Amino acid sequence: MNTGSDESGEVATTGDGANNERALGSRAPEYIKARRALHMSWQVGVFVVGLAVVAAGVVMLPLPGPGWLVIFGGMAIWATEFVWAQLVLRWTKRKVTEAAQRALDPKVRRRNIILTSVGLVIVAVLVGVYLWKFGLVMPWSIKE
């Protein structure tokens, strides 16, 4: 089993003493966990569904669609059954929270606003130079 225990119904924990996080392990109903063959087929089903969702997310990365959101949704499906996916999601949540806190820092926000403003000025100057040199006509000639 992936729960870190041979006993039915027990779940492994991270051991860090955090009371606000759920225990690691399978979240399958008890009657499914009580039967090994049924639990294995449950895990295979969860893995296949999660794999399909993650694959759809990977396909959406270069195509239009919420690719990363769908990938994290597939990871959440896997996390209902597999400890490794639960640990990956906890790590991801922690990193996203840290990044959000850094982004809210006034110094970082000020730097980002300045860099964005400088970038917009550079783009505006380049567009102005292009329009001054070529006008609204394309620089290549297209003959019909």
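Residues numbered from 1 in each chain as written. Predicted model: local features only at pLDDT ≥ 70, side-chain atom pairs only at ≥ 80, totals over all residues. Heavy atoms only, no water.

Colleague: Would you explain the overall build of the protein in this entry?
Modeller: In terms of regular secondary structure, the protein is built from 5 helices and 0 strands. Each of the 144 residues in the protein was classed as buried or not, and the buried ones make up 20%. Here the analysis covers contacts within the protein between residues at least 6 apart in sequence; of these, 45% occur between residues at least 24 apart. Carbon and sulfur atoms form 69% of the exposed surface of the protein, whose accessible area is close to 10,800 Å². (Helix = DSSP H or I, 4+ residues; strand = E, 2+ residues; numbered from the N terminus. Buried < 20%, exposed > 50% of the residue type's maximum accessible area, 1.4 Å probe, protein only. Contact = heavy atoms within 4.5 Å. Areas by Shrake-Rupley, 256 points an atom, 1.4 Å probe, with all protein chains shown as cover.)

Colleague: Quick question: what am I supposed to make of the packing of helix H3 (residues 67-79) against helix H4 (residues 83-103) here?
Modeller: When two helices pack together, their arrangement is captured by the angle between the axes and the distance separating the axes. One way to put it is that H3 packs onto H4 with a least axis distance of 7 Å and a crossing angle of 135°. One way to sum up the angle between H3 and H4 is to call them oblique. Relative to H4, H3 is oriented so that their crossing is left-handed. Here Phe72, Met75, Ala76, Trp78 and Ala79 of H3 lie close against H4, whose contacting residues are Trp84, Ala85, Gln86, Val88, Leu89 and Thr92. When its residues are assigned to classes, the contact of H3 with H4 shows 9 nonpolar, 2 polar and no charged. (Axes fitted to C-alpha atoms, helices over the stretch in contact; angles between N-to-C directions. Parallel < 35°, antiparallel > 145°, perpendicular 65-115°, else oblique. Left-handed = near helix turned anticlockwise from the far one by under 90°. Nonpolar A, V, L, I, M, F, W, Y, C, P; charged D, E, K, R; others polar.)

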